[in-house]
Amino acid sequence: MRLTERSVASRIEDCFQGFDQAWETSVGEACFSVADRAYAWRTDFPEYGGIVHSAVARPDCPKAAPDDTPCRILVADARRDDRPDIIWADRYFNERIVEAALADTPYRLRYHQPSGFLQVYDRRRRIGLQLMHGLGGRPAWDGGSPLRNFLHWDFASTTLGLVHAGSLSEGTKGVLLAGAGGSGKSGTVLAGIMRGLRSVGDDYVLADLRQHPRAFPLYRLAKQDPEGLRRAGLENHAGLSRTTNWQGKTQFALDAVAPGSVIDRIDLCALLLPHVTGAGATTFTPANAKEAFLAVAPSGVSQVPGDRDKSFALAARVSRELPCWHVHLGTDPDEISAAIRSFIAEQPA
Amino acid sequence: MENAYKKASEDIVFEEFDGDLVVLNLASGQYFGLNPSAANVWRVLMDGSIPASPSEAVLACITELDDLGLISKDERAATPVACEITDTPTIDAYDDLSDLIMADPIHDVDNEAGWPVRSDQD
């Protein structure tokens, strides 16, 4: 099947012809959960199973109620004759045009042209298809957050969805941390969990604003460059790989450096905007909602395809509903972690 | 009677924060900040009205919104209504954010190294 900008809206439903048959002939069904949703998935690539299992925060599924149907995601080998044969036939894949074409349909699609990696999702039936031309036929970033687009498409709403932010908590009471690259967000999360604070993730979390603001984990991985590892005292940590990813960073599980640090839920009490200042001590000053929004929204809206208007609106709600603070980071990880711990304790529940 | 204005396209989304407005053009990736007076002009336009007896500054604001591709003329006639203007309406373009939108998400953007740094991948 050849898809183009012109035909995608009318033909995308056909991508799922043969899905059930392909599902039945795939191997290795596994399941993971995010918040109260279960995701069953199968793959033609056994090694990809290991990638997903090691990345997701909750590689298990709760017992489903009788009327709960888990989302099904099939990671298929596009080279097989018995798998859907889908080709993006336009010379270029213009993401925004395709998103607009599908916006009013239940379907979402993402195509990575260099590798031929294709993801297509039916939100109504909650089934997703990921086509790869071999295990290496995927974007370099995929290993750190596999199947993330499907999670985004499944959750995306103005009150529940993925937010680009780190997190820290004392028990289940905690904060989100948002900011541009280099703001100290990931380093602060790492320092915190190494000193007994907990987290639901340092890159993307699931934000739930339907009642009291909460955050849930998606993935348990983090990544740091060599300087970040050195600042954290992890440059010789036995549990970390010596290989680096496409960004020259080491990818590792948060609980490899801080066992038990990834928890199931954080009840949010604030949104912090970290700043590396080189100051002697960590201090907090109020931030307004617009400042917080401009720290949270742009990266999340740009990095995750489809339903960007919902991502934009969700980021706005997070910024309006949580007290927002600038945190001017000191230079001592012990002091930073203690300051954040005290800050959390002082916030109303 | 003057024509009303409307959002230039469905790619224009906006959110309000304590009287300020942030507008994003999803197609171009550009973010804009409207101060409270410009935000009031925007709200009047989005309601299908136009500011009554507009000052030069208000007219300039409307022209700028049009030039920036955020609004376009509608076929409907507009009703003049009062529009609270307390200072000069201003529209700030957050140019340092636009690269992030226009970059091919994930591949081109190094989300840890800082904006608008693009990764070397692909």
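Residues numbered from 1 in each chain as written. Chains lettered and ligands numbered in written order. Predicted model: local features only at pLDDT ≥ 70, side-chain atom pairs only at ≥ 80, totals over all residues. Heavy atoms only, no water.

Participant: Looking at this model, I keep getting lost on a negative patch on the surface. Mind explaining?
Facilitator: Residue and element names in this part refer to chain B. On the surface, Glu-64, Asp-66, Asp-67 and Asp-92 cluster together into a negatively charged patch. Take the negative patch: its biggest share by element is 3 residues, from helix H2 (residues 56-67). With respect to the helices and strands, Glu-64 occurs in helix H2. Taking relative accessible area as the criterion, Glu-64 reaches 33% and is therefore assigned partly exposed. (Patch = residues over 30% accessible without salt bridge, like charges linked within 9 Å, V, L, I, M, F, W, Y side chains within 5 Å. Areas by Shrake-Rupley, 256 points an atom, 1.4 Å probe, with all protein chains shown as cover. Salt bridge = Lys/Arg side-chain N within 4 Å of Asp/Glu carboxyl O. Lys, Arg positive; Asp, Glu negative; His and termini not counted. Charge placed at Lys NZ, Arg CZ, Asp CG, Glu CD. Helix = DSSP H or I, 4+ residues; strand = E, 2+ residues; numbered from the N terminus. Buried < 20%, exposed > 50% of the residue type's maximum accessible area, 1.4 Å probe, protein only.)

Participant: How do you make sense of the state of the cysteines when you look at a structure like this?
Facilitator: Defined simply, a disulfide is a covalent bond joining two cysteines at their sulfur atoms. All names here are of chain A. One pass over the full model with this rule turns up 1 disulfide over all chains. Shown here is the disulfide that connects Cys-31 with Cys-61, its sulfur atoms set 1.7 Å apart. Disulfide Cys-31 to Cys-61: torsion about the S-S bond roughly -85 degrees, handedness left-handed. Taken together, the residues span a long stretch of sequence, with Cys-31 in strand S2 (residues 27-34) and Cys-61 in the loop between helix H3 (46-55) and strand S4 (71-77) at a distance of 30 residues. Since its relative accessible area comes to 25%, Cys-31 is described here as partly exposed. Judged by relative accessible area, Cys-61 falls into the partly exposed class, the value being 29%. You can see Cys-15 has no disulfide; the closest cysteine sulfur is in Cys-71, sitting 16 Å from it. Overall, Cys-15 belongs to the buried group, its relative accessible area being 1%. Left without a disulfide partner, Cys-71 is nearest to the cysteine sulfur of Cys-31, which lies 9.7 Å away. Since its relative accessible area comes to 0%, Cys-71 is described here as buried. (Disulfide = S-S within 2.5 Å.)

Participant: Mind showing me how you'd approach the sheet that holds S2 of chain A here?
Facilitator: Sheet strands pair via backbone hydrogen bonds, and the direction of the pair is either parallel or antiparallel. All names here are of chain A. On the basis of which strands lie adjacent, the open sheet formed by 6 strands has the order S2-S3-S4-S8-S7-S6 and mixed pairing. Since the sheet does not close on itself, it has two edges, and those belong to S2 and strand S6 (107-112), each with one partner. On average, adjacent strands in this sheet sit at an angle of 15 degrees to one another, irrespective of strand direction. Here S4 pairs with strand S8 (residues 127-132) via 6 bridges, running parallel. Bridging from a neighbouring strand, Ala-76 pairs with Leu-131 of S8. Contacting S2, strand S3 (37-43), S4, S6, strand S7 (117-122) and S8, helix H5 (residues 148-155) runs over the sheet at an angle of about 20 degrees to S7. (Pairing = 2+ DSSP bridges. Axes fitted to C-alpha atoms, helices over the stretch in contact; angles between N-to-C directions. Contact = heavy atoms within 4.5 Å.)

Participant: Help me understand the confidence of the model for chain B, please; the structure alone is not making it clear to me.
Facilitator: Close inspection of predicted coordinates is inappropriate in any region flagged by low pLDDT. Residues and elements named next belong to chain B. Scored by pLDDT, chain B has a mean of 83; 77% of the residues are at 70 or more. Counting contacts from residues 101-122, a segment whose pLDDT is below 50, to residues more than four positions away or on other chains yields 76 contacts. Of the two predicted TM-score estimates for the complex, the pTM is 0.91 and the ipTM is 0.87. (pLDDT = per-residue confidence, 0-100.)

Participant: Teacher, can you tell me more about H2 of chain B here?
Facilitator: One full turn of an α-helix is made of 3.6 residues, so residues set three or four places apart face in the same direction. Residues and elements named next belong to chain B. Between the first and last C-alpha of H2 there are 16 Å, a value that for 12 residues agrees with the 16 Å anticipated at 1.5 Å per step. Among the structural elements, strand S1 (3-7), strand S4 (30-34), helix H1 (36-46), strand S5 (49-51), strand S6 (71-77) and strand S8 (91-94) are those in contact with the buried residues of H2. Taken from the residues just after H2, Gly-69 is the one with a positive phi, measuring 80 degrees. (Expected span 1.5 Å × (residues − 1).)

Participant: Would you mind showing me how to read the sheet that holds strand S2 (residues 12-17) of chain B here?
Facilitator: All names here are of chain B. Read across the open sheet, the 4 strands follow the order S2-S3-S4-S8; overall the sheet is antiparallel. For this open sheet the edge positions go to S2 and S8, each flanked by a neighbour on one side alone. Going across the sheet, the axis of each strand differs from the next one's by a mean of 20 degrees, ignoring polarity. Where S2 meets strand S3 (residues 20-25), 6 bridges bridge the pair, whose relative direction is antiparallel. Bridge pairing in S3 links Val-13 to Leu-24.

Participant: I'm lost on the packing of helix H9 (residues 289-303) of chain A against helix H10 (residues 308-321) of chain A in this one. Help?
Facilitator: The description of two packed helices rests on the angle between their axes and on the distance between the axes. All names here are of chain A. Relative to each other, H9 and H10 sit at 155 degrees, their axes nearing to 8 Å. As judged from the angle between their axes, H9 and H10 are roughly antiparallel. The chirality of how H9 crosses H10 is right-handed. Between H9 and H10, the contacting residues are Ala-289, Ala-292, Phe-293, Val-296, Ala-297, Val-301, Ser-302 and Gln-303 on the first element and Arg-308, Ser-311, Phe-312, Ala-315, Ala-316, Ser-319 and Arg-320 on the second. Across the contact of H9 with H10, the residue classes tally to 9 nonpolar, 4 polar and 2 charged. (Parallel < 35°, antiparallel > 145°, perpendicular 65-115°, else oblique. Left-handed = near helix turned anticlockwise from the far one by under 90°. Nonpolar A, V, L, I, M, F, W, Y, C, P; charged D, E, K, R; others polar.)

Participant: How do you make sense of unusual backbone geometry when you look at a structure like this?
Facilitator: Phi is mostly negative for residues that are not glycine, and the peptide bonds are mostly trans. Although it is not a glycine, Ala-35 of chain A adopts a positive phi angle of roughly 55 degrees. Along the chain, the position of Ala-35 of chain A falls in the loop between S2 and S3. Notably, Asp-18 of chain B is not glycine yet its phi reads approximately 50 degrees, a positive angle. Along the chain, the position of Asp-18 of chain B falls in the loop between S2 and S3.

Participant: Would you take a moment to explain H1 of chain B for this structure?
Facilitator: Buried within H1 of chain B we find Ser-37, Ala-38, Ala-39, Val-41, Trp-42, Val-44 and Leu-45 of chain B. Positive backbone phi, at 85 degrees, marks Gly-48 of chain B, one or two positions downstream of H1 of chain B.

Participant: Help me understand the environment of Leu-272 of chain A in this model?
Facilitator: Residues and elements named next belong to chain A. Tracing the chain through its elements places Leu-272 in strand S16 (residues 266-279). Residue classification places Leu-272 among the buried residues on the basis of a relative accessible area of 0%. Residues Leu-272 and Gly-166, 106 residues apart in the sequence, show an inter-C-alpha distance of 9.5 Å. With near-sequence residues (within four places) excluded, Leu-272 lies in contact with Val-175, Leu-176, Leu-177, Ala-178, Phe-284, Trp-325, Val-327 and Phe-343.

Participant: Is there a simple way to think about the nonpolar core in this case?
Facilitator: In a soluble, globular protein the nonpolar side chains are often hidden away together inside. In this structure, Leu-176, Leu-271, Phe-293 and Val-318 of chain A together with Tyr-31 of chain B are the most contacted members of the largest nonpolar core, which totals 37 residues. Only strand S12 (204-208), S16, H9 and H10 of chain A together with S2 and S3 of chain B provide two or more residues apiece to this core. No other element matches the 8 residues that H9 of chain A contributes to this core. One finds Cys-71, Leu-151, Leu-162 and Leu-206 of chain A within the second-largest nonpolar core, a separate group that totals 31 residues. (Core = buried A, V, L, I, M, F, W, Y, C linked by side-chain atoms within 4.5 Å.)

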